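Below are the chains, spelled out letter by letter.
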Amino acid sequence: MRTKVLRELKIKNKFVGTNHPPLVIAEMSGNHNQSLERALEIVDAAARTGAHALKIQTYTPDTMTLDLDEREFHINDPNSLWTGTSLYKLYGQAYTPWEWHKPIFDRAQKLGMIAFSTPFDDTSVDFLEDLDVPCYKIASFENTDLPLIRRVASTGKPLIISTGMASEAELDDTVKAAREAGCKDLVLLKCTSTYPAAADNTNILTIPYMRELFGCEVGLSDHTMGVGVSLASVALGATVIEKHFTLNRADGGVDSTFSMEPAEMAQLVQEAERAWQALGQISFGATEAEIKSLVFRRSLYIVQDVKAGDKLTTINMRAIRPGLGLAPKYYDFLIGKTVKIDIKKGTALSWDLIC
């Protein structure tokens, strides 16, 4: 069943909404491993998978945090992929040099993809405006940074916001801030801010609820492994899917562990569209494509030769395929009825044969 249709949203040449296949975003993040050549290879690979958009992130270690390796600035969670390093060093490994943005965007656009980024402060927004990005993304960890959201919203461009960790009240503040600052085209992505995320901690039933609550397009920023959760989200009305993307997880990198490889991304793009097509509408009865199959239904047939005046019994009448006879629902009614004429085995029953 299609969900409620909202005002149509368009990012460059791609429509976003329930009347269109889901927009699939390949997130490069830090998987370039500090090589522009590899970054461009990732762009090429993403285009070959059929992904509709390529996203990067625009920051420097200094716009993200302080150069300290102690207390809360040191990652000491033993379950973290990045344990043992500092936030500053992590962002130094992961960031995309700003001079790479234009060649990355140019390559993506040449290959037919939407190219955009996640800014983290005013300087990155100004920089991305100079590059004329078609839309923006706000990361989960910045979804309560209302000054940043207002600055991005003031560009008037479509805004995609990940909702990881945000309470309903916090999201209400976020959405209000975006709209009051000029955002007319908003997409909220359900997100679980663990890396990787477990399917049982993803709670994608929130997706249709967010759509109704905030009156905007919704989707999924998916950190789970595989395509199952993303495809399930399409059935719940997700119109945008974002997945981290790399050439090969074995190559390593700050986000490689939970990133998709090319064959997986290609499968996601194909199956997401197939899942969207399958939604259709509330429908009963034979579709146009099924009409020719009606003949293979069961129906009532004479299965032994009978003479005029014989009665129909469980021996000489059965419900079998094909479907040219009377419907099986008349079986009990017809038992004991008399036939008018001789009837050969294999004759479809019709009312004109019955007294």
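Refer to the preceding data block for the structure.
Residues numbered from 1 in each chain as written. Predicted model: local features only at pLDDT ≥ 70, side-chain atom pairs only at ≥ 80, totals over all residues. Heavy atoms only, no water.

Draft legend 1. Inspection of unusual backbone geometry at higher detail. That bond from Tyr195 to Pro196 is cis: its omega, 0°, falls within 30 degrees of zero. Here Pro196 shows up in the loop between β8 (186-191) and α8 (206-214). A cis geometry characterises the amide bond from Arg321 onward to Pro322, with omega recorded as 5°. Phi is positive for Asn33, close to 55°, though the residue is something other than glycine. Among the secondary structure elements, Asn33 is positioned in the loop between β3 (23-27) and α1 (36-49). In this structure, Arg71 is a non-glycine residue whose phi angle is positive, near 50°. (Helix = DSSP H or I, 4+ residues; strand = E, 2+ residues; numbered from the N terminus.)

Draft legend 2. Summary view of the packing of helix α5 (residues 122-130) against helix α6 (residues 146-153). α6 packs onto α5 with a crossing angle of 15° between their chain directions and a minimal axis gap of 10 Å. One way to sum up the angle between α5 and α6 is to call them roughly parallel. The way α5 lies across α6 gives a crossing that is right-handed. Residues Asp122, Val125 and Asp126 of α5 form the contact with α6, whose participating residues are Leu148, Arg151 and Val152. Residue classes in the contact of α5 with α6 are distributed as 3 nonpolar, no polar and 3 charged. (Axes fitted to C-alpha atoms, helices over the stretch in contact; angles between N-to-C directions. Parallel < 35°, antiparallel > 145°, perpendicular 65-115°, else oblique. Left-handed = near helix turned anticlockwise from the far one by under 90°. Contact = heavy atoms within 4.5 Å. Nonpolar A, V, L, I, M, F, W, Y, C, P; charged D, E, K, R; others polar.)

Draft legend 3. View of the pairing of strand β5 (residues 114-119). Counting buried positions along β5 yields 6 of 6 residues, so the element is predominantly enclosed. Neither face of β5 is open: one carries Ile114, Phe116 and Thr118, the other Ala115, Ser117 and Pro119, and all of them are buried. As judged from the 6 bridges shared by strand β4 (residues 53-58) and β5, these two strands associate in the parallel manner. When the bridges of β5 are listed, Thr58 appears paired with Pro119. (Buried < 20%, exposed > 50% of the residue type's maximum accessible area, 1.4 Å probe, protein only. Pairing = 2+ DSSP bridges.)

Draft legend 4. Just the pattern of salt bridges, in detail. For the coordinates displayed, the defined rule picks out 17 salt bridges. Between Asp132 and Lys157 there is a salt bridge, and its shortest N-O distance comes to 3.3 Å. Of this pair, Asp132 sits in the loop between α5 and β6 (136-138) while Lys157 sits in the loop between α6 and β7 (159-162), and the two are 25 residues apart along the sequence. The exposure class assigned to Asp132 is exposed, which follows from its relative accessible area of 56%. Measuring nitrogen to oxygen at the nearest pair gives 2.8 Å for the salt bridge that ties Lys137 to Glu242. Residue Lys137 is found in strand β6, and its partner Glu242 is found in strand β10 (residues 240-244); the two are separated by 105 residues along the sequence. Taken as a pair, Lys137 and Glu242 share a single burial class, namely buried. Shared partners join several salt bridges into a network, and the residues in it are Glu27, Lys55, Lys137 and Glu242. (Salt bridge = Lys/Arg side-chain N within 4 Å of Asp/Glu carboxyl O.)

Draft legend 5. Structural context of helix α10 (residues 262-279). In this model, α10 (18 residues) spans 26 Å end to end at C-alpha, consistent with the 26 Å of a helix rising 1.5 Å per residue. Of all the positions in α10, only Met265, Leu268, Val269, Ala272, Ala275, Trp276 and Leu279 are classed as buried. Viewed end-on, α10 has its buried residues packed into an arc of 135°, placing them on one side of the element. Opposite its buried face, α10 presents the exposed residues Ala263 and Ala278, each directed more than 90 degrees away. If you follow the buried residues of α10, they end up packed against β3, α1, α9 (228-235) and β10. Positive backbone phi, approximately 55°, marks Gly280, located one or two places after α10. (Expected span 1.5 Å × (residues − 1). Arc of directions from axis to C-beta.)

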